[in-house]
Every structure is written in structure tokens, then in C-alpha cells.
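What follows is each chain in one-letter form.
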Amino acid sequence: MTGHSFFTMFTKLNKAFLIGALLCASHLPVFAQSEYPSKPVKIIVPFPPGGTTDLMARISAEQLTKIFKQAFVIENIGGGGGVIGAERAAGAPADGYTLVMTGVGQNAVAHGLDPNLKYDSIKDFAHISLIDLGPNVLVVNPDRPFKTLKDIVDFARKNPGKLDYGYTYASSGHMAMELLRQATNTCADVKNKTNCNPLPIVGIPYRGGGPLMNAILANEIPMIFINQDAALPYVASGKLRPIAVSSLQRNALYPTVPTVAESGYPGFQALSWAGISAPKGTPKPVLDKLEAAMIQALQTPEVKQRIESVGFVIPPLGVNAYNNFLKSEIELWTTLIKKSGIKPE
């Protein structure tokens, strides 16, 4: 064989080997993703243990562990109303082995409160599915005379600045009360809705749901908006009186309690919600598997019963439904915060 022939044959073999190696390499990620998950998966909960978001995360982790036959474990990273944990998750490796519980505070309200937020809830996360939707319930201490929302509104208008409410900063209950103040405003020009003044009630801030609940039970404050699951045992025992729920439909745990919309303010809705997401850039085959698994889990009678037993409902599921809902929530709360003049703490 001549030197030229040998060189030509060697070049062809080398090229064939290189093409084969590239083809094999191009299939490696697909193979790895098809085996997902091959090790435990972490779900960041950006709140301390024991709250509603933590409960929903543990229900989800239990079901995903069953479906994938691989451990899904919870890591609680509290602080900043959920912002610290969300920020940590946004910067995590986008390999499918770090997920995060997303929700109304850290992924919608936070955008209106902090112009320097270190993550973008649309651009920095791949949203997999909503998990639950639930209302807040407006409750009063039973020693107060209020029986209806009209009672509260009429008293506040006749006695401006003399009716207080409690809240925890940036919570869904805080936002629900601000939305109510705007919905019940009075306008000099009613037709064009100009020169309007929100309901003249005074907010008293509390550091956490525990102190807030203790304050209303002790009759230090007359009323609060709070998650329906947190209020339920006190309503059942007569220690709190429910006035209205903030969803468009009545809640199954409060069947005799009207909605704010029914009470004279059509379209009023302020929801507490949570979903599950991953860092942006997580491979689509992995996201597809997680989406299918979450839809499967949330449609089982066992999970549906557990979520509904604490007053939440199963929302529209999947990626598209979550993305559309999140955009609408960010718009709702950023607009309200700007209109209400709420400032960052």
C-alpha cells in the first residue's frame, strides 16, 4: 500500500470514528434524562416547616417518591417571605435534582414590593404545575358587632380611621385586605372612577401568623384576612366569626359563608396558592416527566381528598395553566401594590 493510500484510508477511518463518537455523545443526555431520576431529588420549601406550603410540598414529595421509586426530600429555607429560598432555587443547577415550591408571596407579590428582586419568576424558573388554590377568609372576633361585610364597610365609612385590621407583611391576607380597601373605595366621580379614596381602615402589622392569630383571639384587633385552613379550627370552636371568603366561589369548608363577590363586590378574588417549579434550563424531557407525574399525583382520589380536606381545591394542572395563571397574578398584585402605595419593609 502506498503512503498516499494509507493516509487516505486512515483519514476516512478517523473521520468515521469521530462521527460515531459524536453520535454516541449526542445520545448521552437523552439516555441520562430517560433514567431520571437516578438519585434523590431535593424540593426547596422557602418557608419553615409546618405551614401550608410545607404541607403541600410533603404531599407532592410523597407522591413523586411513589411514582419514580426515588426519594424526593424536603429542604426548608425560610426567610424574606419566601424570597430567600426562591433566590437559592433560581441559582441551583438546572439538572432536575433541585425543585422548588413557588407561590403567591415569593413569586407574584414580591415583584411588586421589591424592584431589585434578584430573580424573575417568569424568566428564571421552569414552572411544572400548580398544586392548590384556596381563599383567605375575613374573620372578626365574636365580641365585635360585625355580622356581614356591609356592617364593616358602613362602620368604617362612618368612623374613618377608627377600625383596625391586622396583617403580616406581604402575605396573601395582607394583599386580600388591600384589594378589599380598593374594592370598597368611594369616588368623587363615580362614573369615571376618579378621585377615589380606599376604605379608611388602619393596618396593624404583626411578625408572623402566630402573633397575628393571638392578637385577634385576644380581641386586640377586630379583624383579619387569613388562610381558610388556619382559621377553620377557631371558626369551628366559635372563637372567630367568618364574614366572607375571598374566592369567586364559596368554599366547601365554609358553605354558609358568602364570598366577597356575593357581598356586593363582583369579581373580587384574592387567592393563596402554591405550585412546583425548577430552575430555568432544566432539560425539557425531565420537565415533561415531572409534569406528567404531578398531574397523575394530583388527580388521585387520595391526594384530592387530602388537599380539599383543608379547604383548598385542585387547580388547572400542568405547565401552560401555571404559566398563564402566574402572569395574571404578577399583574394583579404589582398593580395593586403600586396603587395602594405599599412600600418594602
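Criteria and cut-off values
Residues numbered from 1 in each chain as written. Predicted model: local features only at pLDDT ≥ 70, side-chain atom pairs only at ≥ 80, totals over all residues. Heavy atoms only, no water. Helix = DSSP H or I, 4+ residues; strand = E, 2+ residues; numbered from the N terminus. Expected span 1.5 Å × (residues − 1). Buried < 20%, exposed > 50% of the residue type's maximum accessible area, 1.4 Å probe, protein only. Core = buried A, V, L, I, M, F, W, Y, C linked by side-chain atoms within 4.5 Å. Contact = heavy atoms within 4.5 Å. Axes fitted to C-alpha atoms, helices over the stretch in contact; angles between N-to-C directions. Parallel < 35°, antiparallel > 145°, perpendicular 65-115°, else oblique. Nonpolar A, V, L, I, M, F, W, Y, C, P; charged D, E, K, R; others polar. Salt bridge = Lys/Arg side-chain N within 4 Å of Asp/Glu carboxyl O. Phe/Tyr/Trp six-rings, centres within 6.5 Å; stacked < 30°, edge-to-face > 60°. Arc of directions from axis to C-beta.

Draft legend 1. Spatial organisation of helix 6 (residues 172–183). Counted at 1.5 Å a residue, the expected span for helix 6 with its 12 residues is 16 Å, and the 16 Å between its end C-alpha atoms agrees. A large share of helix 6 lies buried, amounting to 11 of its 12 residues. Along helix 6, the positions that sit buried rather than exposed are Ser172, Gly173, His174, Met175, Ala176, Met177, Glu178, Leu179, Leu180, Arg181 and Gln182.

Draft legend 2. Summary view of the nonpolar core. In this structure, Leu138, Trp273 and Trp333 are the most contacted members of the largest nonpolar core, which totals 42 residues. A per-element tally of this core places helix 11 (residues 319–340) first, with seven residues. Apart from the residues lying within four places of it in its own chain, the contact partners of Trp273 are Thr102, Gly103, Val104, Asn107, Ala108, Leu130, Asp132, Leu133, Tyr322, Phe325, Leu326 and Glu329. Ranked by size, the runner-up nonpolar core spans 29 residues in total, among them Phe68, Phe72, Leu287 and Leu290.

Draft legend 3. Highlighting the packing of helix 2 (residues 52–68) against helix 10 (residues 301–308). Packing of helix 2 against helix 10 leaves a shortest axis separation of 11 Å and a crossing angle of 175°. As far as their axial angle goes, helix 10 and helix 2 are roughly antiparallel. Every residue of helix 10 that contacts helix 2 at Met56, Ile59, Glu62, Gln63 and Lys66 is listed here: Glu302, Val303, Arg306 and Ile307. In the contact of helix 2 with helix 10, the residues fall into four nonpolar, one polar and four charged.

Draft legend 4. Just the pattern of salt bridges, in detail. Using the criterion set out here, one finds 11 salt bridges in the structure. Put simply, Arg306 and Glu62 hold a salt bridge, and the shortest N to O gap is 3.2 Å. Placement of the pair is Arg306 in helix 10 and Glu62 in helix 2, with a sequence separation of 244 residues. The closest approach of N and O atoms between Arg306 and Glu302, which form a salt bridge, is 3.9 Å. Residue Arg306 and its partner Glu302 are both found in helix 10; the two are separated by four residues, about one turn of the helix. A single salt-bridge network, built from bridges that share partners, covers Glu62, Lys66, Glu302 and Arg306.

Draft legend 5. Layout of the packing of aromatic side chains. On inspection of all chains with the given rule, the structure shows eight aromatic pairs. Relative to Phe72, the ring of Phe68 has its centre 5.7 Å away and its plane inclined at 25°; by these criteria the two rings are stacked. Pairwise contacts between aromatic rings join Tyr36, Phe68, Phe72 and Tyr97 into one cluster.

Draft legend 6. Structural detail: helix 11. The terminal C-alpha atoms of helix 11 lie 31 Å apart, and with 22 residues this matches the ideal 32 Å at 1.5 Å per residue to within 8%. Listed in full, the buried residues belonging to helix 11 are Tyr322, Phe325, Leu326, Glu329, Ile330, Trp333, Leu336 and Ile337. Seen end-on, helix 11 carries its buried residues on one side only, within an arc spanning 150°. In this structure, helix 11 carries Asn320, Asn324, Glu331, Lys338 and Lys339 as exposed residues pointing more than 90 degrees from its buried face. Those residues of helix 11 that are buried are in contact with strand 3 (98–103), helix 4 (104–113), strand 4 (125–140), helix 6 and strand 11 (271–279).

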